[in-house]
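# Per-entry structural report
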2 protein chains.
Amino acid sequence: MQTHFTIDCVIYSFNEGKLQLLLTERNVYPYKDWWALPGFFAQKDEEMEDAVKRILYEHTGLKDIFMEQLGAFAGVKRHPEGRILTVAFSTIVKYEDVKSKIKPMTSYMRQAKWFAIDQLPDLAFDHAQIVQQSLQKLKHTINYSTAVYELLPEKFTLTQLQQVYEAILGKTLDKRNFRKKIANAGFLKELPEVQKGVSYRAARLYKFDKRKFQKQINAM
Amino acid sequence: MQTHFTIDCVIYSFNEGKLQLLLTERNVYPYKDWWALPGFFAQKDEEMEDAVKRILYEHTGLKDIFMEQLGAFAGVKRHPEGRILTVAFSTIVKYEDVKSKIKPMTSYMRQAKWFAIDQLPDLAFDHAQIVQQSLQKLKHTINYSTAVYELLPEKFTLTQLQQVYEAILGKTLDKRNFRKKIANAGFLKELPEVQKGVSYRAARLYKFDKRKFQKQINAM
DNA sequence: TTTAATAGTGTAAAAAATACACACTATATT
DNA sequence: AATATAGTGTGTATTTTTTACACTATTAAA
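No experiment lies behind these values; they were computed from the predicted model shown.

Attention now goes to the protein's contact with DNA strand C. Among the 19 residues in the neighbourhood of DNA strand C, the closest are listed as Lys180 and Val198 of chain A together with Lys175, Lys180 and Arg204 of chain B. Among all atoms of DNA strand C positioned within 4 Å of the protein, those belonging to sugar or phosphate total 36%. The side chain of threonine 159 of chain B places a nitrogen or oxygen atom 3.0 Å from a phosphate oxygen of DNA strand C. Contact between DNA strand C and arginine 201 of chain B: a base nitrogen at 3.2 Å from a side-chain N or O atom of the residue. Where the surface near DNA strand C is concerned, the elements lending two or more residues are α6 (175–185) of chain A together with α6 (175–185) of chain B. Take the surface near DNA strand C: its biggest share by element is four residues, from α6 of chain B. For the surface near DNA strand C, the per-class residue count stands at six nonpolar, three polar and 10 charged.

Take a look at the structure:
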């Protein structure tokens, strides 16, 4: 038996202190004119991983980004053609890296746009549920993934890092406790540099040591 | 685009102090004579959830069991027909409930059999990877799911409960600390009964209070 | 009555998580 | 030069959670 097979992408970013989600405006039925997760049909003989990469590329211009699978969602008889199975993937990208590259590459969608996670429009299909589930997972795995560091420039301040955590968790954190925890984790490298161009005391810069992080993770 | 679509089931049970996995011996190519996870093609116009239920029923005789999705696994060009996408689900069933009901219901498989998790044979396709991933997830979610209680009779002793935990986690636990934790969790109900028919001090019986459990979970 | 087998119990120490407030510093403005 | 502004950076006490560890109690069978 065969089924229609699509990929949907939950693509996060971080801007203006908020977690952002990339959505596309559909130009075809069903759900014409609705906002939806970037997604397409996989092509014949295209491996799932390749399809994901392709769709991410077509929507963001990004390559070589790791996307994590969220799971399969069965089509709720949404198409006259029969069952549609979609596999959802998620990733996190730097806002600046993507900003200028986003443009509609097919006539199936009219535009692509970032939305703050707490100001999403109504979504097509069961996409609201997919986003919900993805966000839940992100909150749980935030401490065990490199995700947050994908959102920051190579050199960043602890305050910036904390803001990302807060945006994802949707709550404020205590500065001292946060720093204690981060220091304890031990995979940030303190740099001999500080912020430039700020009109207040310049903050120390740090960078993420992926090797040390992996060691910690493997030891669990 | 369409793809072949199968469901594979990771079905756990508990017997002789060990976590058990249900496998089927294939009677068709490819991987004829290999052991594999119980699985089939979904039928045309069959919803994914229904397919899962059907396959579980055909292999175990069980109905109305909740199965949790593990994820989609793309076919590694294993069939000449092209891509196969399988969605893996897992569940846990009581050994006694299933023991007698297991029998091959299709000619695609020769027999179904339980294997201790630490004594699995080589598996067909990428099933070893699926099992691996499923087990990992089970270890992580053991404290937040009702899974372990599915493995026990309605009334059980704390030692039995600990044995299930140990079988799943693959390590021994300290008796006093384990009991402290369980008592603390507060969703076990102490019964005014003890074990019968043992030739040593009879242990107190407990039962699982699903309502209290749900309350705790929701409060997180 | 003794033996064999498992049930059942407490406490101290260490580690982790939480709550909480103020002085410091770089810059811009007057 | 003085001052306002805005964000940086830090320590300690308390509570909670986790870990380590060993003996007495109960029952049935011999």
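That was the structure; now back to the text.
Let's shift gears to a positive patch on the surface. All names here are of chain A. A cluster of like positive charges, contributed by Lys175, Arg176, Arg179 and Lys180, occupies part of the molecular surface. Take arginine 176: it is sitting in helix α6. For arginine 176, a relative accessible area of 66% corresponds to the exposed category.

What follows deals with the confidence of the model for chain A. Across chain A, the average pLDDT comes to 90, with 96% of residues at 70 or higher. Within chain A, helix α2 (residues 95–98) of chain A has the poorest average pLDDT of any element, 85, and strand β3 (residues 35–36) of chain A the best, 96.

Taken together, the neighbourhood of DNA strand D is formed by 17 residues, with Thr159, Lys175 and Lys180 of chain A together with Lys180 and Arg201 of chain B sitting nearest. The sugar-phosphate portion of DNA strand D accounts for 37% of its atoms within 4 Å of the protein, the bases making up the rest. Within the side chain of arginine 179 of chain A, a nitrogen or oxygen atom sits 3.3 Å from a phosphate oxygen of DNA strand D. At 2.8 Å, a side-chain N or O of lysine 180 of chain B approaches a base oxygen of DNA strand D. Of all the secondary-structure elements, those providing two or more residues to the surface near DNA strand D are α6 of chain A together with α6 of chain B. Ranked by the residues each element gives to the surface near DNA strand D, the list is headed by α6 of chain A, at four residues. Considering only residue class, the surface near DNA strand D consists of four nonpolar, three polar and 10 charged.

Measuring from the backbone nitrogen of arginine 176 of chain A back to the side-chain oxygen at the start of α6 of chain A gives 3.1 Å, which picks out aspartate 174 of chain A as the cap. Downstream of α6 of chain A by one or two residues, glycine 186 of chain A has phi in the positive range, about 80°.

Moving on: the environment of serine 13 of chain A. All names here are of chain A. Counting through the fold element by element, serine 13 comes out in strand β1 (residues 2–15). You can call serine 13 buried: its relative accessible area is 0%. Leave out the neighbours within four places in its chain, and serine 13 touches Lys18, Leu19, Gln20, Val93, Lys94, Tyr95, Trp114 and Leu151. Within the structure, the side chain of serine 13 is placed 3.0 Å from the backbone nitrogen of tyrosine 95, a separation counted as a polar contact.

Residues and elements named next belong to chain B. For serine 134, the position within the fold is in helix α3 (residues 127–141). At 2.6 Å, the side chain of serine 134 and the side chain of tyrosine 12 are in polar contact. The residues contacting serine 134, other than those within four sequence positions of it, are Val10, Tyr12, Leu70 and Ser90.

Residue and element names in this part refer to chain A. Between helix α5 (residues 158–169) and α6, the shortest axis-to-axis distance is 11 Å and the interhelical angle comes to 100°. Relative to α6, the element α5 is oriented roughly perpendicular. Here Leu158, Thr159, Leu161, Gln162 and Tyr165 of α5 come into contact with α6, specifically with Lys175, Phe178, Arg179 and Ile182. Partitioned by chemical class, the residues of the contact of α5 with α6 number five nonpolar, two polar and two charged.

On to the pairing of strand β1 (residues 2–15) of chain B. All names here are of chain B. The buried fraction of β1 is high, at 12 of 14 residues. Where β1 and strand β4 (residues 39–41) come together, three bridges link them in antiparallel fashion. Paired with isoleucine 7 across the bridge in β4 is phenylalanine 40. Across four bridges, β1 lies against strand β2 (residues 18–26) in antiparallel orientation. Each bridged residue has a counterpart across the sheet, and for tyrosine 12 the counterpart in β2 is leucine 21. As consecutive antiparallel partners, β1 and β2 are separated by two residues, and within that stretch glutamate 16 has a phi angle of approximately 50°, a positive value.

Here we come to the relation of the copies chain A and chain B. With an RMSD of 0.0 Å, the fit of chain A onto chain B corresponds to turning through 180° and sliding 0.0 Å along the axis. As the rotation angle and translation indicate, the two copies are arranged about a two-fold axis. The position closest to the rotation axis in chain A is occupied by the C-alpha of glycine 71 of chain A, lying 2.3 Å away. Most of the interface of chain A is mirrored in chain B, where 100% of its interface residues are also at the interface.

The rules behind each value
Residues numbered from 1 in each chain as written. Chains lettered and ligands numbered in written order. Predicted model: local features only at pLDDT ≥ 70, side-chain atom pairs only at ≥ 80, totals over all residues. Heavy atoms only, no water. Near = heavy atom within 4 Å. Polar contact = N/O pair within 3.5 Å; in protein donor to acceptor, adjacent residues only side chain to side chain. Helix = DSSP H or I, 4+ residues; strand = E, 2+ residues; numbered from the N terminus. Nonpolar A, V, L, I, M, F, W, Y, C, P; charged D, E, K, R; others polar. Patch = residues over 30% accessible without salt bridge, like charges linked within 9 Å, V, L, I, M, F, W, Y side chains within 5 Å. Areas by Shrake-Rupley, 256 points an atom, 1.4 Å probe, with all protein chains shown as cover. Salt bridge = Lys/Arg side-chain N within 4 Å of Asp/Glu carboxyl O. Lys, Arg positive; Asp, Glu negative; His and termini not counted. Charge placed at Lys NZ, Arg CZ, Asp CG, Glu CD. Buried < 20%, exposed > 50% of the residue type's maximum accessible area, 1.4 Å probe, protein only. pLDDT = per-residue confidence, 0-100. Contact = heavy atoms within 4.5 Å. Axes fitted to C-alpha atoms, helices over the stretch in contact; angles between N-to-C directions. Parallel < 35°, antiparallel > 145°, perpendicular 65-115°, else oblique. Pairing = 2+ DSSP bridges. Least-squares fit on C-alpha atoms with pLDDT ≥ 70 in both.

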